[in-house]
There are 2 protein chains.
Amino acid sequence: MSILIVGSIALDSVITPVEKHDDLLGGSASYAAVSASFFTPVNLVGIVGRDFPPEHLDYFRSREIDLAGVESADGETMRWTGEYEWDLNVRHTRAIALNVFETYSPTIPVGFREPSIVLLANIAPALQSHVLDQIERPGLVIADTMDLWINIANADLMSLLKRVDLLILNDSEARLMTKETSLIRAGRKIQALGPAYVAIKKGEHGCLLFGDGEFFSCGAYPLEDIHDPTGAGDTFAGGFAGYLNSLASAEITFQDLKRAVVYGSVMASFNVEAFSLERLRTLDLAKIEERYRIFKAMSHFEEI
Amino acid sequence: MSILIVGSIALDSVITPVEKHDDLLGGSASYAAVSASFFTPVNLVGIVGRDFPPEHLDYFRSREIDLAGVESADGETMRWTGEYEWDLNVRHTRAIALNVFETYSPTIPVGFREPSIVLLANIAPALQSHVLDQIERPGLVIADTMDLWINIANADLMSLLKRVDLLILNDSEARLMTKETSLIRAGRKIQALGPAYVAIKKGEHGCLLFGDGEFFSCGAYPLEDIHDPTGAGDTFAGGFAGYLNSLASAEITFQDLKRAVVYGSVMASFNVEAFSLERLRTLDLAKIEERYRIFKAMSHFEEI
């Protein structure tokens, strides 16, 4: 059974201190869908403009991503320009043009309305809620968000959170949302806002997962060379949700969620090795599982 | 066989946004020695002034710390005043008075000169080298350092590193020393400067351990309430080195070093729960091992 993924599809310009690339395939749903597609078939919902290169759509199709929910509208595809400092953790948004996304309201095709898992990739929380209005209650609702929505659409976000089973956000966003400096307190506070589970991503430092009285601290896969951090969070979310969907299980355990965090981290670690989704294009499940095993060996320590 | 620990013994004033305490027992060797004493007997080398409260010496003795190497000199004990911001990761040194430490040159008692392991707690690298000049080559030389020495005594530090088996430093110090933003590259570069092993502490994010083609990524023990981060690094170093010394093993394996990182992290996690060494006073090995086991459960994830 396919996972439903809704989010943005964009054309990005990305500048780092060493490289600059224009018109890259980007957007939260693009990264998340391709990442999930290594684990499970994907039903994608989003919007593109007339200028969207057909080869990107072909690439999605080659990954068994069903595009029945991708509208092609009059106008231009959403565009984002971002620049990274030498410390690639510091990013500046230089330009954003919503274009066809500005008036977009996602419509879920009838065939997509009973998903086992839905991943609401990072878009405005009102749109994420609108997606949930159209679908049967799935096994698991996973949502990603960002600082922008905490700042400008907090009421929408709080109302969304009551309908979300698992929220993914990064450490600075968790602190912003809760006004707590301790990530442990922040995670617990977010759980009290609705989600039974919270995953707080810490970039190069890994990820914390909060459950019902359960907790998982996952390191990050160590990388010497990071070329483009764009989409790392979306790729994490896609790998995380895609792996869970592949279990086709009515009952998802905390052990499953821990494994999903590791798969998400592995997918993000590959993604940042090249610009846009380039690294994912040459990836296969064997390479993903190899890195999972290395990850486990690097994090493992013996009993007393 | 006892571990040899050399470093500073001080009286600290610590200010946080919620509390202020004066005349606390402090100094790199105080924290390291007490932390190590939970695992192994300790031979301590350092200096105090005439004003040093005798009850602190009694406390050291009660922990089976041999004080034959602690000089009591005319003058005042070293004093340090530090203030933390709301984000307890940000610390400002408000005052430092070296006092009797200013002209101190550590003399290692004859009975201490053949240690199995020596821990050179954080003091000037020239003094650390001077300690090594006086002792038989031990099984393992572990050194801690800080940004100050990288900035003002870099040549001394580089010369020390050639004689060190394992260097402990934090992430910003590793970046400062190597001019690398990637901690993975930084760790490898530091290995090339001498130490076969490097432990890079990442505060609330855990620790990276670099060996000969081996690597360990350790998360941090999650804490909701941190009262005083002072001495966390020294307590880590003491627990790390003390545990290794307790193995009484001629051959220390990478598995041993990984366990030592976890013990060090556990000791640091206790230490920050109260001011000065207060939390260590009520600690015992059973509580340490209980937290080790929780730590393992929180970091563990299943095979594919």
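**Focus on the overall build of chain A**
Tallying secondary structure elements over chain A gives eleven helices and 13 strands in all. For chain A, whose C-alpha radius of gyration is 18 Å, the value lies close to the compact-globule estimate of 19 Å for 304 residues. A principal-axis box enclosing the C-alpha atoms of chain A has dimensions of 65 × 45 × 40 Å. Expressed as a percentage of the 304 residues in chain A, the buried residues total 61%. Taking the intrachain contacts of chain A between residues at least 6 apart in sequence as the baseline, contacts between residues at least 24 apart amount to 64%. Per element, the accessible surface of chain A, about 11800 Å² overall, is 50% carbon and sulfur. Across chain A, the 26 positively charged side chains and the 42 negatively charged ones have centroids separated by 4 Å.

**Quick word on helix 7 (residues 183–192) of chain A**
All names here are of chain A. Looking only at helix 7, the buried set comprises Leu183, Ile184, Ala186, Gly187, Ile190 and Gln191. Take helix 7 and look down its axis: the buried residues cluster within an arc of 165°, on one side only. Close packing links the buried residues of helix 7 with strand 10 (166–170), helix 6 (171–178), strand 11 (197–201), strand 12 (207–210) and strand 13 (215–218). The N-cap of helix 7, judged by a side-chain oxygen 3.2 Å from the amide nitrogen of Ile184 a few residues on, is Ser182.

**Here we look at the interface of chain A and chain B**
Residue-level contacts link 36 residues of chain A with 36 residues of chain B. For the pair chain A and chain B, the summed buried area comes to about 3600 Å², and 55% of that belongs to carbon and sulfur atoms. On the chain A side of the interface with chain B, the three residues burying the most area are Lys296, Phe301 and Ile304 of chain A, jointly 22% of the side's total. Inspection of the region where chain A meets chain B yields four salt bridges.

**Quick notes on the packing of aromatic side chains**
Counted under the stated rule, the structure contains 22 aromatic pairs over all chains. Where Phe301 of chain A meets Phe216 of chain B, the ring centres are 6.0 Å apart and the plane angle is 70°; that geometry is what we call edge-to-face. Of the two residues, Phe301 of chain A sits in the segment after helix 11 (285–299) while Phe216 of chain B sits in strand 13 (residues 215–218), which places them in two different chains. Of the two residues examined, Phe301 of chain A and Phe216 of chain B, each falls in the buried class. Taken together, the ring pairs in this structure connect Phe39, Phe216, Tyr221, Tyr243, Tyr263, Tyr292 and Phe295 of chain A together with Phe301 of chain B into an aromatic cluster. Here the basic side chain of Arg291 of chain A rests over the ring of Phe270 of chain A, its NZ or CZ set 3.7 Å away from the ring centre.

**Structural notes on the environment of Thr40 of chain A**
Residue and element names in this part refer to chain A. Relative to the helices and strands, Thr40 is located in the loop between helix 1 (28–36) and strand 4 (42–49). With 129 residues separating them in the primary sequence, Thr40 and Leu169 have C-alpha atoms 23 Å apart. In this view, Thr40 contacts Met1, Ile3, Gly242, Asn245 and Ser246; residues no more than four positions away in its chain are not counted. Only 2.9 Å separates the side chain of Thr40 from the side chain of Asn245, close enough to count as a polar contact.

**Some details on the relation of the copies chain A and chain B**
Each copy of the sequence occupies a distinct position, and chain A is placed on chain B by a rotation of 180° and an axial shift of 0.0 Å, giving an RMSD of 0.0 Å. Here the transformation between the copies is reduced to the relation of a two-fold axis. Of the interface residues in chain A, 97% have counterparts in chain B that sit at the interface too, so the contact is made through matching surfaces.

**Describing the sheet that holds strand 2 (residues 10–15) of chain A**
All names here are of chain A. A sheet is described by the order of its strands in space; here four strands give the open sequence 3-2-6-7, paired in mixed fashion. Where the open sheet ends on each side, the last strands, each with one partner, are strand 3 (20–26) and strand 7 (91–97). For this sheet the average axis-to-axis angle between neighbouring strands, irrespective of direction, equals 20°. In this sheet, strand 3 lies alongside strand 2 in antiparallel orientation, the contact comprising five bridges.

**Remarks on the packing of helix 1 of chain A against helix 8 (residues 232–246) of chain A**
The relative placement of two packed helices is expressed as an angle between their axes plus a distance between the axes. Residues and elements named next belong to chain A. Direction vectors running N to C along helix 1 and helix 8 enclose 40°, while the axes themselves pass 7 Å from each other. Here helix 1 lies oblique to helix 8, going by the angle between them. Where helix 1 crosses over helix 8, the two elements pack in a sense that is right-handed. In this structure, helix 1 uses Ser28, Tyr31, Ala32, Ser35 and Ala36 to contact helix 8, whose residues at the interface are Asp234, Thr235, Gly238, Gly239 and Gly242.

**Topic: the confidence of the model for chain A**
Summing up the model confidence of chain A, the mean pLDDT is 96 and the portion of residues at 70 or higher is 100%. Among the scores for the predicted complex, ipTM is 0.86 and pTM is 0.91.

**A short note on the packing of helix 9 (residues 254–271) of chain B against helix 11 (residues 285–299) of chain B**
Residue and element names in this part refer to chain B. Where helix 9 contacts helix 11, the axes come no closer than 10 Å and their chain directions differ by 115°. The angle between the axes of helix 9 and helix 11 places the two elements in the roughly perpendicular class. In terms of crossing hand, the pair formed by helix 9 and helix 11 is right-handed. Facing helix 9, whose interface residues are Arg259, Val262, Tyr263, Ser265, Val266, Met267, Ser269 and Phe270, helix 11 presents Lys287, Ile288, Glu289, Arg291, Tyr292 and Phe295. Tallied by class, residues from the contact of helix 9 with helix 11 come to eight nonpolar, two polar and four charged.

**A word on the sheet that holds strand 9 (residues 140–144) of chain B**
Residue and element names in this part refer to chain B. One open sheet holds the nine strands; their spatial order is 5-4-1-8-9-10-11-12-13, and the pairing between them is mixed. Two strands close off the open sheet at either side, each with one partner strand: strand 5 (65–73) and strand 13. Ignoring which end each strand starts from, the neighbouring axes of this sheet average 15° apart. Looking at chain direction, strand 8 (residues 117–120) and strand 9 are connected through four bridges and run parallel. When the sheet's bridge partners are listed, Val118 is paired in strand 9 with Val141.

**Section: the nonpolar core**
In globular proteins that are soluble, nonpolar side chains generally tend to be buried together. The biggest cluster of nonpolar side chains holds 63 residues, and the ones touching the most others in it are Leu44, Ile142, Phe240 and Leu244 of chain B. When sequence neighbours within four positions are dropped, the list of residues in contact with Leu44 of chain B reads Ile5, Ile9, Ala29, Ala33, Phe60, Ile65, Asp66, Leu67, Gly69, Val70 and Phe112 of chain B. Tyr31, Leu119, Cys207 and Ile252 of chain A belong to the second largest nonpolar core, which has 61 residues in total.

**Some details on the side chain of Asn43 of chain B**
Here Asn43 of chain B is to be found in strand 4 (residues 42–49). Residues within four places of Asn43 of chain B in sequence aside, it is in contact with Ser2, Ile3, Leu4, Ile5, Asp66 and Phe112 of chain B.

**Quick look at the state of the cysteines**
According to the stated counting rule, one finds zero disulfides over all chains in the structure shown. No disulfide involves Cys207 of chain A; its sulfur sits 6.4 Å from that of Cys218 of chain A, the nearest cysteine.

The rules behind each value
- Residues numbered from 1 in each chain as written.
- Chains lettered and ligands numbered in written order.
- Predicted model: local features only at pLDDT ≥ 70, side-chain atom pairs only at ≥ 80, totals over all residues.
- Heavy atoms only, no water.
- Helix = DSSP H or I, 4+ residues; strand = E, 2+ residues; numbered from the N terminus.
- Rg over C-alpha atoms; globule rule 2.2 N^0.38 Å.
- Buried < 20%, exposed > 50% of the residue type's maximum accessible area, 1.4 Å probe, protein only.
- Contact = heavy atoms within 4.5 Å.
- Areas by Shrake-Rupley, 256 points an atom, 1.4 Å probe, with all protein chains shown as cover.
- Lys, Arg positive; Asp, Glu negative; His and termini not counted.
- Charge placed at Lys NZ, Arg CZ, Asp CG, Glu CD.
- Arc of directions from axis to C-beta.
- Polar contact = N/O pair within 3.5 Å; in protein donor to acceptor, adjacent residues only side chain to side chain.
- Buried area = accessible area lost by both parts, 1.4 Å probe.
- Salt bridge = Lys/Arg side-chain N within 4 Å of Asp/Glu carboxyl O.
- Phe/Tyr/Trp six-rings, centres within 6.5 Å; stacked < 30°, edge-to-face > 60°.
- Lys NZ or Arg CZ within 6 Å of the ring centre and 35° of its normal.
- Least-squares fit on C-alpha atoms with pLDDT ≥ 70 in both.
- Pairing = 2+ DSSP bridges.
- Axes fitted to C-alpha atoms, helices over the stretch in contact; angles between N-to-C directions.
- Parallel < 35°, antiparallel > 145°, perpendicular 65-115°, else oblique.
- Left-handed = near helix turned anticlockwise from the far one by under 90°.
- pLDDT = per-residue confidence, 0-100.
- Nonpolar A, V, L, I, M, F, W, Y, C, P; charged D, E, K, R; others polar.
- Core = buried A, V, L, I, M, F, W, Y, C linked by side-chain atoms within 4.5 Å.
- Disulfide = S-S within 2.5 Å.

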